[in-house]
Amino acid sequence: MWPSLWLATLDTVYMVWWASVFSVLVGLPLGVLLVATDRGGLVPAPVVRAVLSGIVNIGRSLPFIVLMVAVLALTRFLVGTTLGPTAAIVPLSIGAIPFFARLVETALREVDREVVEAAHAMGTRKITIVGKVMLPEALPGLIAGLVMTVVTLISYSAMAGAIGGGGLGDLAIREGYQRFNDHYLWATVILLIVVVQVVQSLGDLWVRRLARR
């Protein structure tokens, strides 16, 4: 049992890692745009903001199990298959990007507007204000949002096992549920709890250290 659990854990880490990377690469600039294009933002554009917000809302409103099935064709086009950990990264990323974008938006809105306005009054370029003022000021909130996203992705990765995504969820379904092996079922549950606790604890520690600076 333990070799199978170890390989399934590595598959879960692989899926969550790459989905987290893609979530940050796309979700961070998307969250910045949601704030920057809002009324009173750096580049007010209500129409653009409404379109982006609508896309994010649609992405967040779909249950993940439905999203996985809905993007099967896209997954097959991108990676050539709909099975395995690599294929699961596609729906995981699509599901996490709008989630993380909203968390980025929330963190940036908590930045003191007077700091942003002072930088703007000094003639600082808008892109510099984002990179040198807004993001550093919002860093604790951004890290907290990232940790929340990773924890959510861990639960999503377990659901990906329902359609052959691999990882601990797949092992729990195949060996634990379908073959009525309670040892596998409870072992995967315990491992998922441990992984979540480790991620959350490390994330909280990181956020506290950043908040003290």
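Anything mentioned here points back to the structure above.
All of these numbers come straight from a predicted model, not from anything done at the bench.

1. Re the nonpolar core
Alright, step 1. Of all hydrophobic cores here, the largest spans 23 residues; its most connected members are F64, L92 and L153.
Alright, step 2. Breaking this core down by element, the ones donating at least two residues are helix 1 (2-36), helix 3 (64-70), helix 5 (85-109), helix 8 (139-160), helix 9 (167-177) and helix 10 (182-212).
Alright, step 3. Tallying contributions element by element places helix 8 first for this core, with six residues.
Alright, step 4. Non-local contacts of F64, meaning those with residues more than four positions away in its chain, are made with P91, L92, Y156, M159 and A160.
Alright, step 5. Counting residues in each nonpolar core, the second largest holds 16 residues, with V35, V104, V111 and V116 among its members.

2. Regarding the pattern of salt bridges
Alright, step 1. Scanning the model with the defined rule gives five salt bridges in all.
Alright, step 2. Salt-bridge contacts for D38 lead to R49; the nearest nitrogen and oxygen are separated by 3.9 Å. One end of the pair, D38, is in the loop between helix 1 and helix 2 (46-61); the other, R49, is in helix 2, and 11 residues separate them in sequence. Each member of the pair, D38 as well as R49, is classed as buried.
Alright, step 3. With a shortest N-O distance of 3.0 Å, R109 and E105 are connected by a salt bridge. Remark: E105 and R109 occur in helix 5; sequence separation between them is four residues, near one turn of the helix.
Alright, step 4. Residue classification places E105 among the buried residues on the basis of a relative accessible area of 6%.
Alright, step 5. One connected set of salt bridges, linked through shared partners, spans D38, R49, R102, E105 and R109.

What counts and what doesn't
- Every chain is numbered on its own, with residues counted from 1 as its sequence reads.
- Per-residue local features of the predicted model are confined to residues with pLDDT of at least 70, and side-chain atom pairs are confined, for both listing and counting, to 80 or more; whole-chain, interface and lining totals are unaffected and use all residues.
- Here the side-chain values reflect all heavy atoms present in the structure, with hydrogen atoms and water set aside.
- Nonpolar cores were defined as sets of buried Ala, Val, Leu, Ile, Met, Phe, Trp, Tyr and Cys residues, with membership established by side-chain atoms within 4.5 Å.
- Exposure categories follow from relative accessible area, calculated using a 1.4 Å probe and restricted to protein chains: below 20% of the type maximum is buried, above 50% is exposed, and the middle band is partly exposed.
- To qualify as a helix, a DSSP run of H or I must reach at least 4 residues; to qualify as a strand, a run of E must reach at least 2; elements of each kind are numbered from the N terminus.
- When checking whether two residues touch, look at their non-hydrogen atoms; a contact exists if any pair is within 4.5 Å.
- The term salt bridge refers to a side-chain nitrogen of Lys or Arg lying within 4 Å of a carboxyl oxygen of Asp or Glu.

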